[in-house]
Amino acid sequence: MFAAERRQLILEMVRANGAVSLRELARVVQTSEVTVRRDVRALEAEGLLDRRHGGAVLPGGFTRESGFPQKSHLATAEKTAIADLAANLVEEGEAIVVGAGTTTQELARRLARVPGLTVVTNSLLVAQALAHANRVEVVMTGGTLRGSNYALVGSGAEQSLHGLRVSRAFLSGSGLTAERGLSTSNMLSASVDRALVQAAAEVVVLADHTKLGTDTMFQTVPTDLITRLVTDEPPAHDDRSATELQALADQGVQIAVAGAPGGSAGAGGPGGDAAPARQQRRDVPLPGPRRQVPGAGTGSGLRSASMLGEQSPGAERARVADLRRR
């Protein structure tokens, strides 16, 4: 494929999806990520798209939200690895909230075999993934159906969450930065996500590396309210993702990296069809007391750092720095 043909295809993919990872672009145009990165730089110089950490987005600074059909085919391997690792945080008998998104849908599939679990969600896709789990109770919010992501939004969804208290919330979004936290491109979705956060004692964000450093229009969770980030291993050349991870860790966010060297992301999990492969974690312990969600109780909380393989803060900073070097 000639360079002009590659770049036209890249541009069409970005226009159709809003944001596309370099890995996905390289797969579609059947070339290396190095070549794709060069093409993306050339298209950015012409003002046709903007580069982001590990990918490309529509020009203008803020990405628009892609529909479910487009998002479901983006970064699928990364989402699987993240869901496998995040599922290990959920214990029997817990009550949790799970927000809308393709990554949280993958998580829900792995939660189907967790006994005594109660899942509150505004996502039809999450509910569908758990519909036949006879040991999991699913509680749906009210609200108006938003067809682009199969989520319930609006005042009905928000009011149904008033007075709710669960141990933690699992949320995804369109972008994540250390400066602004988790964000999304739709106002109604952002409002419901904020209500989900208010219901939880702790917040776990699920975001693949392509969302790191991407800022979108509506903030959902400020950085100081994010307890833990579960993400995937950034590419070796992606210095900006490593820098963003370090900035998040410096602000007290615990970071767990799926698919790190020494481990692999299995296709199974608590709700999968096969036993999960052993995962390598990189956990950054909280350096000090965190600000709690307003009105939140102590809850059951995440498992202690020692249960997840606690390391010294210096060692963890070295691990994140290693990401930057690679």
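Remember, predicted model here, so these are calculated numbers, not experimental data.

Observations concerning the confidence of the model for the chain
Next, step 1: Confidence in the prediction for the chain averages 78 pLDDT; 73% of positions are at 70 or higher.
Next, step 2: Low pLDDT (under 50) marks residues 66-73, which in the prediction has 18 contacts with non-local residues, meaning those over four places away or in another chain.
Next, step 3: In the model, residues 261-312 has pLDDT below 50 throughout and makes 131 contacts with residues more than four positions away in sequence or in other chains.

Points about unusual backbone geometry
Residues other than glycine predominantly adopt negative phi, and peptide bonds predominantly adopt the trans conformation.
Next, step 1: Here the phi dihedral of Gln 30 falls at roughly 60 degrees; this positive angle occurs in a residue that is not glycine.
Next, step 2: Looking at the secondary structure, you find Gln 30 in the loop between helix 2 (22-29) and helix 3 (33-45).
Next, step 3: Notably, Tyr 150 is not glycine yet its phi reads approximately 55 degrees, a positive angle.
Next, step 4: Its place among the elements puts Tyr 150 in the loop between strand 7 (144-146) and strand 8 (151-153).
Next, step 5: Since its relative accessible area comes to 36%, Tyr 150 is described here as partly exposed.

Details of the pattern of salt bridges
Next, step 1: A full pass over the atoms with the stated rule returns eleven salt bridges.
Next, step 2: Close ionic contact of Asp 39 with Arg 6 constitutes a salt bridge, the shortest N to O distance being 2.7 Å. With a gap of 33 residues between them, Asp 39 in helix 3 and Arg 6 in helix 1 (residues 3-17) connect regions that are remote in the sequence. The pair formed by Asp 39 and Arg 6 is uniform in burial state, with each residue classed as buried.
Next, step 3: Notably, a salt bridge pairs Glu 94 with Arg 168, separated by 2.9 Å at the nearest N-O pair.

Describing the sheet that holds strand 14 (residues 228-232)
Next, step 1: Across the sheet, seven strands lie side by side as 6-5-4-9-12-14-15; this open sheet has parallel pairing. This sheet does not close on itself; its edge strands, each paired only once, are strand 6 (136-140) and strand 15 (254-258). When strand polarity is set aside, the average angle formed by the axes of neighbouring strands in this sheet is 20 degrees.

Things to note about the side chain of Thr 220
Next, step 1: Following the sequence through the fold, Thr 220 ends up in strand 13 (residues 218-221).
Next, step 2: Here Thr 220 falls in the buried class, since its relative accessible area comes to 5%.

A few points about the packing of helix 2 against helix 3
Next, step 1: Where helix 2 meets helix 3, the axes come as close as 9 Å, and the angle between the chain directions of the two elements is 105 degrees. The pairing of helix 2 with helix 3 is recorded here as roughly perpendicular in orientation. From helix 2, Leu 22, Arg 23, Leu 25, Ala 26 and Val 29 reach across to helix 3, where they touch Glu 33, Val 36, Arg 37 and Val 40.
Next, step 2: Counted by class, the contact of helix 2 with helix 3 contains six nonpolar, no polar and three charged residues.

Focus on the sheet that holds strand 13
Next, step 1: Here we have three strands laid out as an open sheet, ordered 10-11-13, and antiparallel in their pairing. A single partner strand is all that each edge strand has here, and the edge strands are strand 10 (175-177) and strand 13. Each strand of the sheet is rotated relative to its neighbour by a mean of 35 degrees, with strand direction disregarded.
Next, step 2: Here strand 11 (residues 181-184) runs beside strand 13; their pairing, made up of three bridges, is antiparallel. Directly across from Thr 184, in strand 13, lies its bridge partner Phe 218.

The rules behind the values
- Residues numbered from 1 in each chain as written.
- Predicted model: local features only at pLDDT ≥ 70, side-chain atom pairs only at ≥ 80, totals over all residues.
- Heavy atoms only, no water.
- pLDDT = per-residue confidence, 0-100.
- Contact = heavy atoms within 4.5 Å.
- Helix = DSSP H or I, 4+ residues; strand = E, 2+ residues; numbered from the N terminus.
- Buried < 20%, exposed > 50% of the residue type's maximum accessible area, 1.4 Å probe, protein only.
- Salt bridge = Lys/Arg side-chain N within 4 Å of Asp/Glu carboxyl O.
- Pairing = 2+ DSSP bridges.
- Axes fitted to C-alpha atoms, helices over the stretch in contact; angles between N-to-C directions.
- Parallel < 35°, antiparallel > 145°, perpendicular 65-115°, else oblique.
- Nonpolar A, V, L, I, M, F, W, Y, C, P; charged D, E, K, R; others polar.

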